[in-house]
Amino acid sequence: MTAPHVLLTNDDGIDAPGLAALYEELTGVAEVTVVAPMDNQSGTGRTRTHRTTREDHPWGYAIDGTPADCVAYGVGGLDADFDFVVAGCNHGPNAGNYVVGRSGTVGACIEAAFLDTPGIAISAYHAQDFFVHPPEEYDFGRPAKVARELLVRSRSSDVFEAADVLNVNAPVDVPESSMRLTDPHHDYAVDVEHEATERDEVDLGKPREGDIALRDVVWPETVGWESPFPADVDLQERYPEGSDRRALVEGEVSVSPLTAPALSVETGSLQQVVDGYNDSERARERGRDEQT
């Protein structure tokens, strides 16, 4: 079996240490071409732009755009056939349904799925510190090895006949962590305040007069890089067995298989709505015919 060709990208930027660790690990089992953003594009989800520029890089190309732009350019603009897209290693976890939905790391793989290329999104967390921030102080070797193993093992199985994307969260500080099949946990709220405060400087900079604070409550009772999993709090009930966040609480590798295209669902109730709409339209049409 020939080595697979991997398109490697991320959302932290082409100079991020997480991407370097992943590149070093994957080149041992695959041909790797890097197409990554010129700068940090965290939280961009699957956002696409319509015009970009590129710069040559020793590993491939740096793109002035989002992770999804990088995948679109790599798959559609390079004279190459890619077997996989791998995104990461992200500087922090992407766990929980809402976080996964807005993640640039996962968004790159969603873009790949629409372009008929399976993807592995790998994110790194610290079982004690939780966020790997600043990233330069952490070793991304362990998450990179997890990504390599999943790539090799998935290639020799039918994993991607059912799943389009594997969303993976791996600890940087647990050398022999076990792996758990998980679902993204549903845990999200929004906090709106009509006056921004210094609390928002963490992500948005100094507030201006008239600013409205729209705060995503994706990690309850936390601000900035504070760990949402304090050691003195029992989170067993908040994050149930089988959820990606429970795996993180217990220092494990979480693997959530995801599908990318929006799929319709069967619902008899909606069919009744459709039938009622059509009946009323036909009745109105008959009424107009009778008036003429």
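This section reports on the structure supplied with the text. (Residues numbered from 1 in each chain as written. Predicted model: local features only at pLDDT ≥ 70, side-chain atom pairs only at ≥ 80, totals over all residues. Heavy atoms only, no water.)

Some remarks on the overall build of the protein
When helices and strands are counted, the protein shows 9 helices and 11 strands. Along the longest, intermediate and shortest principal axes, the C-alpha atoms of the protein span 80 × 50 × 40 Å. Within the protein, the fraction of its 292 residues that count as buried is 47%. Within the protein, residue pairs in contact and separated by at least 24 positions form 75% of the contacts whose partners lie at least 6 positions apart. Taken as a whole, the protein presents about 15700 Å² of accessible surface, with 47% of it coming from carbon and sulfur. Between the centroid of the 22 positive side chains of the protein and the centroid of its 54 negative side chains there is a distance of 4 Å. (Helix = DSSP H or I, 4+ residues; strand = E, 2+ residues; numbered from the N terminus. Buried < 20%, exposed > 50% of the residue type's maximum accessible area, 1.4 Å probe, protein only. Contact = heavy atoms within 4.5 Å. Areas by Shrake-Rupley, 256 points an atom, 1.4 Å probe, with all protein chains shown as cover. Lys, Arg positive; Asp, Glu negative; His and termini not counted. Charge placed at Lys NZ, Arg CZ, Asp CG, Glu CD.)

Details of a negative patch on the surface
Together, Asp39, Glu55, Asp56 and Asp64 make up a negatively charged patch on the protein surface. Position of Glu55 relative to the elements: it lies in strand 3 (residues 54-57). (Patch = residues over 30% accessible without salt bridge, like charges linked within 9 Å, V, L, I, M, F, W, Y side chains within 5 Å. Salt bridge = Lys/Arg side-chain N within 4 Å of Asp/Glu carboxyl O.)

Topic: the pairing of strand 3
Looking at chain direction, strand 3 and strand 4 (residues 60-63) are connected through 4 bridges and run antiparallel. Bridge pairing in strand 4 links Arg54 to Ile63. (Pairing = 2+ DSSP bridges.)

Looking at the layout of surface pockets
The calculated volume of the second largest pocket comes to roughly 150 Å³. Together, Ala127, Gln128, Phe229, Pro230, Ala231, Val233, Asp234, Leu235, Gln236, Leu248 and Val249 line the second largest pocket. In terms of residue class, the lining of the second largest pocket is built from 8 nonpolar, 2 polar and 1 charged. (1 Å grid on protein atoms, 1.4 Å probe; cavity = no way out; pocket = protein on both sides within 12 Å on 5 of 7 lines; lining within 4 Å. Points joined across faces, edges and corners; volume = space filled by probe spheres on them. Nonpolar A, V, L, I, M, F, W, Y, C, P; charged D, E, K, R; others polar.)

A look at a nonpolar patch on the surface
On the surface, a nonpolar cluster with roughly 480 Å² of combined accessible area is contributed by Tyr188, Val190, Val192, Ile212 and Leu214. As for its position among the elements, Leu214 is in strand 10 (residues 213-217). We classify Leu214 as exposed; its relative accessible area is 60%.

Brief notes about unusual backbone geometry
Between Gly88 and Cys89 the backbone carries a cis peptide bond, its omega angle lying at -15°. Of note, Cys89 is situated in strand 5 (residues 84-91). Of note in this structure, Asp116 is not a glycine but carries a positive phi near 60°. Inspection of the secondary structure puts Asp116 in the loop between helix 4 (104-114) and strand 6 (119-125). Classification of Asp116 as exposed rests on a relative accessible area of 72%. In the Ramachandran plot, Phe130 falls in the positive-phi region, its phi being about 75° despite a non-glycine side chain. One can find Phe130 in the loop between strand 6 and helix 5 (141-155).

Description of the sheet that holds strand 2 (residues 31-37)
In spatial order, the strands read 3-4-2-1-5-6-7-11-8; together these 9 strands make up an open sheet with mixed pairing. On the outer flanks of this sheet lie strand 3 and strand 8 (179-181), each paired with one strand and no other. When the angles between neighbouring strand axes are averaged without regard to direction, this sheet yields 20°. Relative to strand 6, strand 5 runs parallel, the two being bridged by 5 bridges. Each bridged residue has a counterpart across the sheet, and for Val85 the counterpart in strand 6 is Gly119. (Axes fitted to C-alpha atoms, helices over the stretch in contact; angles between N-to-C directions.)

Considerations on the environment of Ala260
Looking at the secondary structure, you find Ala260 in the loop between strand 11 (253-258) and helix 9 (268-291). With relative accessibility at 15%, the residue Ala260 sits in the buried group. In this structure the C-alpha to C-alpha distance between Ala260 and Ala163, which are 97 residues apart in sequence, comes to 8.3 Å. Ignoring sequence-local partners within four residues, the contact set of Ala260 consists of Ile110, Ala113, Phe114 and Asp164.

With respect to the nonpolar core
In this structure, Leu8, Leu22 and Val168 are the most contacted members of the largest nonpolar core, which totals 35 residues. When residues of this core are traced back to their parent elements, those giving at least two are strand 1 (5-9), helix 1 (17-26), strand 2, strand 5, strand 6, helix 5, strand 7 (165-171) and strand 11. Those residues in contact with Leu22, other than ones at most four positions away along the chain, are Leu8, Val86, Ala87, Gly88, Cys89, Ile122, Ala144 and Ala147. Of all hydrophobic cores here, the second largest spans 21 residues; its members include Leu78, Val100, Ala113 and Ala121. (Core = buried A, V, L, I, M, F, W, Y, C linked by side-chain atoms within 4.5 Å.)

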